[in-house]
Amino acid sequence: MNNLFPAPMLFTLLVFPQSISAQSATHCPMTADDANCDRVVACIGDEGVWFNGRAFGRGEGTFSGTTSTGLMCEGTWMSRNAFGLGQADVMCEYGRKGRVFYTYQDEYTGTAVGQGAMHSGEKIKIWSGTNVLEYLRGDTGEGIAYLPCDGGSILMG
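Attention here is on the structure that accompanies the text. Predicted model only: the values in this text are computed from it and were never measured. (Residues numbered from 1 in each chain as written. Predicted model: local features only at pLDDT ≥ 70, side-chain atom pairs only at ≥ 80, totals over all residues. Heavy atoms only, no water.)

With respect to the overall build of the protein
Each helix and strand counted, the protein has one helix and ten strands in total. In sequence order, the protein lays out its α and β elements as β-β-β-β-β-β-β-β-α-β-β. Across the protein, contacts joining residues at least 24 apart in sequence account for 43% of those joining residues at least 6 apart. Roughly 8,300 Å² of accessible area belongs to the protein as shown, and the carbon and sulfur atoms make up 55% of that amount. (Helix = DSSP H or I, 4+ residues; strand = E, 2+ residues; numbered from the N terminus. Contact = heavy atoms within 4.5 Å. Areas by Shrake-Rupley, 256 points an atom, 1.4 Å probe, with all protein chains shown as cover.)

Have a look at this one:
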């Protein structure tokens, strides 16, 4: 098993071993209004490690959260151009770094999808936005969303 994310790391949110906890509409201290705070979820590598956190800002900003292994991570993101292409740089505990490139599904709501890698070579797949759970549910009509990670789907709350 790869120890890419030894305890504690990425975004600071309450997470449970079998599911990603749903976030309430709480105040985001880094923004002027709660509308500029969106959920971020990601798959890291192919061994079932996932990330759950929040992105703050409009057009550019910061993010923070934790991995399923408990590692704290944070970083910056920015939109690149009128086409919605962007870049996010992540820095985690123990000097772990990575970069993700993303596109918006819906620029108004902030829902974005992207991919990239940690400097160690582990792939990252990322989803973020106000309607990220609905996006991940797809057109199934089910009330359950799954994070489609290479190591297997992760049930999300």
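Details of the nonpolar core
Across soluble globular proteins, nonpolar side chains have a tendency to be buried as a group. The biggest cluster of nonpolar side chains holds 19 residues, and the ones touching the most others in it are Phe51, Phe63, Trp77, Ala88, Val90, Tyr102 and Met118. Breaking this core down by element, the ones donating at least two residues are strand S1 (37-44), strand S2 (49-57), strand S4 (72-79), strand S5 (86-92), strand S6 (97-106), strand S7 (111-118) and strand S8 (123-128). In this structure alanine 88 touches Phe63, Thr76, Trp77, Gly98, Arg99, Val100 and Tyr102, once residues within four positions along its chain are discounted. Grouped together as the second largest cluster of nonpolar side chains are twelve residues, Val41, Val132, Ala145 and Ile154 included. (Core = buried A, V, L, I, M, F, W, Y, C linked by side-chain atoms within 4.5 Å. Buried < 20%, exposed > 50% of the residue type's maximum accessible area, 1.4 Å probe, protein only.)

With respect to the state of the cysteines
Tallying each qualifying case throughout the model produces two disulfides. Between the sulfur of cysteine 43 and that of cysteine 149 lies a disulfide, 2.1 Å long from S to S. Residues cysteine 43 and cysteine 149 are joined by a disulfide whose S-S torsion is about -80°; by sign, that bridge is left-handed. Separated by 106 residues along the polypeptide, cysteine 43 in strand S1 and cysteine 149 in strand S9 (residues 145-149) bring together distant segments of the chain. On the accessibility criterion, cysteine 43 (2% relative accessible area) is buried. (Disulfide = S-S within 2.5 Å.)

Details of the environment of aspartate 89
Along the chain, aspartate 89 turns up in strand S5. Separated by twelve residues in sequence, aspartate 89 and phenylalanine 101 have C-alpha atoms that sit 9.0 Å apart. Those residues within four positions of aspartate 89 in sequence are excluded, and the remaining contacts are Phe63, Glu74, Gly75, Thr76, Gly98 and Arg99. Reaching out from aspartate 89, the side chain makes a polar contact with the side chain of glutamine 87 at a distance of 3.1 Å. (Polar contact = N/O pair within 3.5 Å; in protein donor to acceptor, adjacent residues only side chain to side chain.)

Quick look at the environment of valine 49
By secondary structure assignment, the location of valine 49 is in strand S2. Residue class for valine 49 comes out buried when judged on its relative accessible area of 12%. As for valine 49 and threonine 69, which are separated by 20 residues in sequence, their C-alpha atoms are 7.0 Å apart.

As for a nonpolar patch on the surface
On the surface, Ile144, Tyr146 and Leu155 cluster together into a nonpolar patch covering about 240 Å² of accessible area. Structurally, leucine 155 is set in strand S10 (residues 152-156). (Patch = residues over 30% accessible without salt bridge, like charges linked within 9 Å, V, L, I, M, F, W, Y side chains within 5 Å. Salt bridge = Lys/Arg side-chain N within 4 Å of Asp/Glu carboxyl O.)

Some details on the pattern of salt bridges
As enumerated under the stated definition, the model contains four salt bridges in all. A salt bridge links lysine 125 to aspartate 150; the nearest nitrogen and oxygen atoms lie 2.8 Å apart. Of the two residues, lysine 125 is situated in strand S8 and aspartate 150 in the loop between S9 and S10; the sequence distance between them amounts to 25 residues. On the basis of relative accessible area, lysine 125 is assigned to the partly exposed category, the value being 25%.

Regarding unusual backbone geometry
The backbone of tyrosine 94 shows a phi angle near 65°, a positive value even though the residue is not glycine. Within the element layout of this structure, tyrosine 94 appears in the loop between S5 and S6.

So far we have only geometry, and geometry alone does not tell us how the molecule works.
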